[in-house]
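Read off the chains here:
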Amino acid sequence: MDYTKYGLKPDDEIKNIFREINSIFNLWCKKCYKKYKTDIEPECERLNEILGEENSKIKGWTGIDFLCNNHHTAEKLIELGVNSFDSIGIIACGLGVQFVSEKFPDKRIFALCDSIPQSGNSTSPEGFHGVSLSKEKCAACSQCYLNLTGGICPIVNCSKSLLNGPCGGVKNGKCEVNPDIPCAWEDIYNRLKKQNKLFCSEIQVRDFNRFNFDEKKKYSEISLSKRQEGFYGGVHPLDSKENTSRARILNFPEPPYVLIFISQHTGSLSKPIVKEGDTVKMGQKIAESTGVISSTIHSSISGRVVKIEEKIHPTLQKPIPAIIIENNGKNTMDESIKPVDFEGLSKENIIEILKEKGIVGLGGAMFPTYVKFLFEVSKKSIETLIVNGCECEPYLNTDNRIMIEYPEKILKGIKVLQKIANPKNTIIGIEDNKKEAIEILQKYSSSDITVLSLRTKYPQGAEKMLIKRLTGKNVPEGGLPIEVGSIVINVGTALAIYKAIFEGIPLIDRVITVSGDGVGKDGNFIVKIGTPLKNILDFYLGMHNKNIFEEYNIFMGGPMMGILQKNLDSAVIKGTGGFTILKKYPVESKEERECIKCGRCVSVCPVELLPLNYVYYGERQMWEETKNYRVKNCIECGSCNYICSSKIDILSFIKRAKGKCL
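Worth saying up front: this structure is predicted, and the values here are computed from it rather than measured. (Residues numbered from 1 in each chain as written. Predicted model: local features only at pLDDT ≥ 70, side-chain atom pairs only at ≥ 80, totals over all residues. Heavy atoms only, no water.)

A. Representation of the overall build of the chain in the model. Per the secondary structure count, the chain includes 21 helices and 25 strands. Restricting to contacts in the chain with at least 6 residues of sequence separation, those with at least 24 account for 71%. Accessible surface, the chain as shown: approximately 28,600 Å² in total, 49% of it carbon and sulfur. Taken together, the 89 basic and 80 acidic charged side chains of the chain have centroids lying 2 Å from each other. (Helix = DSSP H or I, 4+ residues; strand = E, 2+ residues; numbered from the N terminus. Contact = heavy atoms within 4.5 Å. Areas by Shrake-Rupley, 256 points an atom, 1.4 Å probe, with all protein chains shown as cover. Lys, Arg positive; Asp, Glu negative; His and termini not counted. Charge placed at Lys NZ, Arg CZ, Asp CG, Glu CD.)

So, in structure tokens, the structure goes:
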């Protein structure tokens, strides 16, 4: 396919343009809606052929991905220093030309192409033009006036789409049709004056049998408002939370045995301190941390250690040693479990307890919580403590339900965090599809805690996105939240901290959501860490299904960032927010599909990356090139996979690129 949105102007028109200039820097858009098979487009060579010796006036060329995408292009243009040239030539559709014209209003900008409508039916509003996330400015009418009007299109900017100058209905620079809109023709006059250029009296007669710009504009404005709300990009998948949003948290049936992996956290593996045949109690420490970034692990049941052997880790998807404990059904508590006097604890005492109780981040990252406070807080004062209650993954209601059912415990956990971090502000951010949780936490919160309702948008729960949304600050690339004065803790972690301090209970269980296509028993459950995946699925489906991996996709987590499970020989870990069981789609994402440069992955990437290039260079095994496209900054939120028109498994390329390059 090739739905290129621009084509070079006729030869004579291009030659006329170059007769009136001495030197020019050319920018060319790398196109959209065309199979991504090359990173150089033929229009550049064709332009040289047209110009002949006149091409010596071209002093430089640069190709830019999606020239009209201001989030990516604005900084690039400044880096290129194009403003130092007499004039700038643009090989792009009208969106790209007008974007550059706005950036350099004093510069002579030359459109070297005409836009091409690609709807199939030129009067249809279904055609899609460009990937710009700024104001819609091109009707793709294939009659480009931009060289005559200083880069301002009269068709889309004039309320009456006049082509022969102002109509006389202008008052104080505003249009008589809409007094909020400036007169496009006054803007054109002022732009040409800055460029020392006169308006040309030769005007083409407009062909009105063209694309319906107003209809297309409506779609663009809706998309624009959603895409840029709070932070750049993101998607709005169906949340599918209705099956479990009102389901009270229940105790999951006791497992006959547990598989407790010695990796329950980010960092180095823990070291087992029990051996086969040992009797253990619930809450007893069974593995100790082996480094600064590590964590202690406790038994979630009482019983006997029957084996320590490798099992398939649900996140890493490779064999990792697990301590297998047979359940005696007594839940005999370890003597170490006892509450402490919170008021008498120092900051150092609290951090030591969090370390000893094996508290890690329950939002999914599983970063040891004590490390976050031990090192990050000591570097810089905390301006904002952010408590993350977004839970933007579809299907999951884990955080939603604990906020509804345990608000006072969560708020006590937050008080512990405040004592450690001493923040100026404390904000609980909750998406507005959890209205009951918002109301309850607002009811119980003290005056030093602000509960904010946020418009639902994925991946707002990602740490950097949430900081941007709540504080307006960008965490630097490769940096930590503390560098912008913030620290982020999940509401589930706050609950675990409450239990560690006020009840003396280590992190041995957690709440998960089990949900899916409605084929099983959806619900929210307290499960023991180490509960086998097989037991979860048997309970959900009512019976063991031997062909389950052939019929269903089973994600640990939600369908966006969740890890696809391939083996029943696994178990719940501390970072398990739930399991989502979905019937397989007829068309699944694959690496082998062809990119068509639609740009949708670029417009939704919240980290402002260009994911299509991971596909292009990944297919060619050119992994080093992905470094130039900042692959290490990808947070693997899955928005690009979700939106991909070609159903390419972009995340697979990204993970491989990170493995090869980092």
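B. Looking closely at the nonpolar core. By size, the foremost hydrophobic cluster in this structure holds 84 residues, and its most contacted members are I325, I414 and I428. Counting 47 residues, the second-largest nonpolar core is a separate cluster that includes C93, L95, V156 and L163. (Core = buried A, V, L, I, M, F, W, Y, C linked by side-chain atoms within 4.5 Å. Buried < 20%, exposed > 50% of the residue type's maximum accessible area, 1.4 Å probe, protein only.)

C. Quick peek at the pairing of strand β22 (residues 523–528). When you tally the buried positions in β22, you get 5 out of 6 residues, the bulk of the element. For strand β9 (residues 249–251) and β22, the ladder comprises 3 bridges, and the chain directions are parallel. Its bridge partner lying in β22, L250 is registered against F525. For strand β21 (residues 509–516) and β22, the ladder comprises 6 bridges, and the chain directions are antiparallel. Residue I512 lies in a different strand from β22, and its bridge partner there is F525. With antiparallel pairing between neighbouring strands as the criterion, β21 and β22 make up a hairpin whose turn holds 6 residues, including G518 at a positive phi of roughly 85°. (Pairing = 2+ DSSP bridges.)

D. Up close: the packing of helix α11 (residues 407–421) against helix α12 (residues 435–444). One can describe the packing of α11 onto α12 by two numbers: an axis separation of 10 Å at closest approach and a directional angle of 60°. If you check the angle between α11 and α12, you find them oblique. α12 is crossed by α11, and the crossing has right-handed handedness. Contacts between α11 and α12 involve P407, E408 and L411 on the former and, on the latter, I440, L441 and Y444. Here the residues of the contact of α11 with α12 sort into 5 nonpolar, no polar and 1 charged. (Axes fitted to C-alpha atoms, helices over the stretch in contact; angles between N-to-C directions. Parallel < 35°, antiparallel > 145°, perpendicular 65-115°, else oblique. Left-handed = near helix turned anticlockwise from the far one by under 90°. Nonpolar A, V, L, I, M, F, W, Y, C, P; charged D, E, K, R; others polar.)

E. Fine view of the sheet that holds strand β14 (residues 297–298). Ordered by their spatial adjacency, 3 strands build an open sheet running β11-β13-β14, and the pairing between neighbours is antiparallel. Two strands lie at the open edges of the sheet, namely β11 (271–272) and β14, each paired on one side alone. Note that β11 and strand β13 (residues 285–288) share 2 bridges and pair antiparallel. Within β13, the residue paired with K271 across the bridge is E288.

F. Local environment of the pairing of strand β4 (residues 87–91). Counting buried positions over the 5 residues of β4 gives 5, a clear majority of the element. Neither face of β4 is left uncovered, since the one carrying S87, G89 and I91 and the one carrying I88 and I90 both have all their residues buried. Across 4 bridges, the pairing between strand β2 (residues 24–29) and β4 is parallel. Bridge assignment links F25 to a residue of β4, and that residue is I88. Relative to strand β5 (residues 108–111), β4 runs parallel, the two being bridged by 4 bridges. Bridging from a neighbouring strand, S87 pairs with R108 of β5. Handedness of the β4-helix α4 (residues 94–103)-β5 crossover: right-handed. (Right-handed = clockwise from strand over helix to strand, strands pointing away.)

G. Representation of the sheet that holds strand β20 (residues 486–490) within the structure. Pairing in this open sheet of 4 strands is parallel, and the strands run β19-β18-β17-β20 from one edge to the other. The sheet is open, and its two borders are formed by β19 (450–454) and β20, each paired with just one other strand. If you compare each strand with its neighbour and ignore which way they point, the axes differ by 25° on average. Inspection of the sheet shows strand β17 (residues 384–389) paired to β20 by 5 bridges, in the parallel sense. Each bridged residue has a counterpart across the sheet, and for L385 the counterpart in β20 is I487. Here helix α13 (residues 463–471) sits on the sheet and contacts β17, β18 (425–431), β19 and β20; the angle it forms with β17, its principal contact strand, is near 120°. Of the strands in this sheet, β17 and β20 are in contact with helix α14 (residues 491–503), which crosses β20 at around 75°.

H. Representation of unusual backbone geometry within the structure. At the junction of Y458 and P459, the peptide bond is cis and its omega measures out at 5° in the coordinates. Of note, P459 is situated in the loop between β19 and α13. Despite not being glycine, F66 shows a phi value in the positive range, around 50°. Locating F66 in the fold gives a position in the loop between β3 (58–64) and α3 (70–80). A relative accessible area of 2% places F66 in the buried class.

I. Expanded view of the packing of helix α10 (residues 398–405) against α12. Running from N to C, α10 and α12 point in directions that differ by 35°, and their axes come no closer than 8 Å. Two packed elements cross with a definite hand, and for α10 against α12 that hand is left-handed. Contacts from N400, R401, M403 and I404 of α10 reach α12 at E436, A437, I440 and L441. Among the residues forming the contact of α10 with α12, the class breakdown is 5 nonpolar, 1 polar and 2 charged.

J. A look at the packing of aromatic side chains. Per the stated rule, a full pass over the model turns up 9 aromatic pairs. Plain terms: the ring middles of F342 and F502 are 5.3 Å apart, the flat faces sit at 50° to each other, and that makes the pair tilted. One end of the pair, F342, is in the loop between β16 (319–327) and α8 (347–356); the other, F502, is in helix α14, and 160 residues separate them in sequence. In this structure an aromatic cluster arises from ring pairing among Y36, Y616, Y617 and Y629. Sitting over the ring of F231, K457 keeps its end group 4.2 Å from the ring centre. (Phe/Tyr/Trp six-rings, centres within 6.5 Å; stacked < 30°, edge-to-face > 60°. Lys NZ or Arg CZ within 6 Å of the ring centre and 35° of its normal.)

K. Geometry of the environment of R630. By secondary structure assignment, the location of R630 is in the loop between α19 (623–628) and α20 (639–643). Through-space distance from the C-alpha of R630 to that of L411 is 38 Å; in sequence the pair is 219 residues apart. With residues up to four places along the chain from it excluded, the contact list for R630 reads E477, V607, E608, L609 and Y614. At 2.6 Å, the side chain of R630 forms a polar contact with the side chain of E477. (Polar contact = N/O pair within 3.5 Å; in protein donor to acceptor, adjacent residues only side chain to side chain.)

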